[in-house]
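Descriptive structure summary
So the chains spell out like this:
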Amino acid sequence: MFKIKKQSDKPKPAILYNVIEDYSEFNAPGNVTACAMTHQEDLPAHAKVLSESYEVPLDTMTTLLTEGGFYVYPEIGGLLTRGLFACVIGPIGVVPKQTFVLDLMQFAEAEHMARARSLAFLDAAFHVFTRTLPDELKRKLQQKNLGIDYRTLDRAVAKGGDIKYIDFRKDWSPHFKRLCIMPDGRLVETGGVKEFAQLHGITQAQAKTLVEQGGTLEVNGEILACQIVNGRPAVARFTAKNYAKAKELVATKGLHIMDALSEVAYNDPVMMRSLVRKELSGGR
């Protein structure tokens with residue numbers, strides 16, 4: 001008898017990238033993950049994810065991915081607190097579409113360069129961005145398809161042909177999973193800020209601040225701690241008992257709360273097993 005497989009009503013998540021090269025260990029602001037796609041672009045899905053990741057209006061993001069250009073983040077209280085998001089579109093079949101962000105310092109540098117050299121602002125922005133990248137990545141960008149030997153690629157990736165677009169990403173998005181060490185020793189994987197917030201019962205604003213800036217957050221008597229290591233969040237949640245031990249270390253030894261929590265974690269056999277597993281797996 002043949003079993004008839006039921007069709008799932010749940011839509012499959014869009015696959016935006018099939019080539020990913022991690023340069024996030026490089027010094028800021030060149031610390032990026034180069035995410036490329038050899039198959040044809042799924043524009044609605046691509047625009048939706050980038051819109052949510054970078055807080056750019058969806059219509060604006062769709063236009064940027066279609067026509068190229070840049071989006072300057074609006075002022076807050078009369079001050080510009082963020083730089084810009086940009087999309088550069090080269091000749092089709094010659095240079096893949098590329099998206100990136102500039103921080104405030106890079107934005108100011110691009111404005112100065114555009115005025116001093118009479119350049120189009122987008123050209124200046126792209127020059128400023130690429131100048132900060134690791135030398136290895138700079139060299140690859142001068143080569144077709146990042147210099148990848150297609151004979152070594154998975155057939156499903158290679159059959160897509162040339163790279164269609166590259167997103168130089170720095171964000172904490174659904175496409176970049178993160179592990180959180182839980183009090184019971186589990187290593188729980190989450191993706192975007194929304195999923196992370198739901199796991200810990202906090203608001204998305206609290207989650208965003210924590211994973212972008214690091215620090216601690218009390219949650220129902222427990223504490224959630226995040227350290228930013230090489231631009232990436234490393235997260236652990238501690239029981240009320242371990243939190244109390246950490247506070248005692250702060251009071252008796254004058255430790256910073258993050259150092260105290262680290263000491264508590266390394267002395268907790270359950271959490272230590274998780275830390276060892278995380279190290280053996282190479283972290284996330």
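See the structure shown above.
Described below are features of the structure shown in this document. Numbers given to residues run from 1 along each chain, matching the order in which its sequence is written. Local features in this predicted model are restricted to residues of pLDDT 70 or higher, and side-chain atom pairs are both shown and tallied only at a pLDDT of 80 or more, whereas totals for entire chains, interfaces and linings draw on every residue. Based on all heavy atoms of the structure, the side-chain values leave hydrogens and waters out of the count.

Thoughts on the overall build of the protein
Put simply, the rule reads: The helix and strand labels rest on DSSP assignments: H or I over at least four residues marks a helix, E over at least two residues marks a strand, and numbering proceeds from the N terminus. Exposure is judged per residue with a 1.4 Å probe applied to protein chains only, and the accessible area is read against the type maximum: over 50% gives exposed, under 20% gives buried, and values in between give partly exposed. Contact criterion: two residues are considered in contact whenever any of their non-hydrogen atoms come within 4.5 Å of each other. What sets the accessible areas is the Shrake-Rupley method with a 1.4 Å probe; for residues, cover comes only from the shown protein chains.
The number of helices and strands found in the protein is 11 helices and 11 strands. By the burial criterion, 43% of the 284 residues in the protein qualify as buried. The contacts of the protein with a sequence gap of at least 6 include a subset with a gap of at least 24, amounting to 45%. Of the roughly 16500 Å² of accessible surface on the protein, 54% is carried by carbon and sulfur atoms.

Re the pairing of strand S7 (residues 178-181)
Across a regular strand the side chains alternate sides, sitting on one face of the sheet and then on the other. Rules: DSSP calls a pair of strands paired once it identifies at least 2 bridges connecting them.
Burial along S7 is two-sided: Arg 178 and Cys 180 facing one way and Leu 179 and Ile 181 facing the other are all buried. One ladder, built from 4 bridges, connects S7 with strand S8 (residues 187-190); its direction is antiparallel. Counted as the bridge partner of Ile 181 is Leu 187 from S8. Between S7 and S8, which follow one another and run antiparallel, lie 5 residues, and Gly 185 among them has a positive phi close to 95°.

So, the packing of helix H3 (residues 104-117) against helix H4 (residues 121-131)
The cut-off we apply is this: Between the N-to-C directions of two axes lies an angle of 0 to 180 degrees, each axis being a line fitted to C-alpha atoms and, for a helix, fitted only over the stretch in contact. Oblique is the label for every angle not falling under 35 degrees (roughly parallel), over 145 degrees (roughly antiparallel), or within 65 to 115 degrees (roughly perpendicular). Crossing handedness is defined as follows: a turn of the near helix away from the far one that is anticlockwise and smaller than a right angle gives a left-handed crossing, while the clockwise case is right-handed.
As a packed pair, H3 and H4 sit with axes 8 Å apart at the nearest point and diverge in direction by 125°. What the angle tells us is that H3 and H4 run oblique. Crossing of H3 over H4 shows right-handed handedness. Contacts from Gln 106, Phe 107, Glu 109, Ala 110, Glu 111, Met 113, Ala 114 and Arg 117 of H3 reach H4 at Phe 121, Ala 124, Ala 125, His 127, Val 128, Phe 129 and Arg 131.

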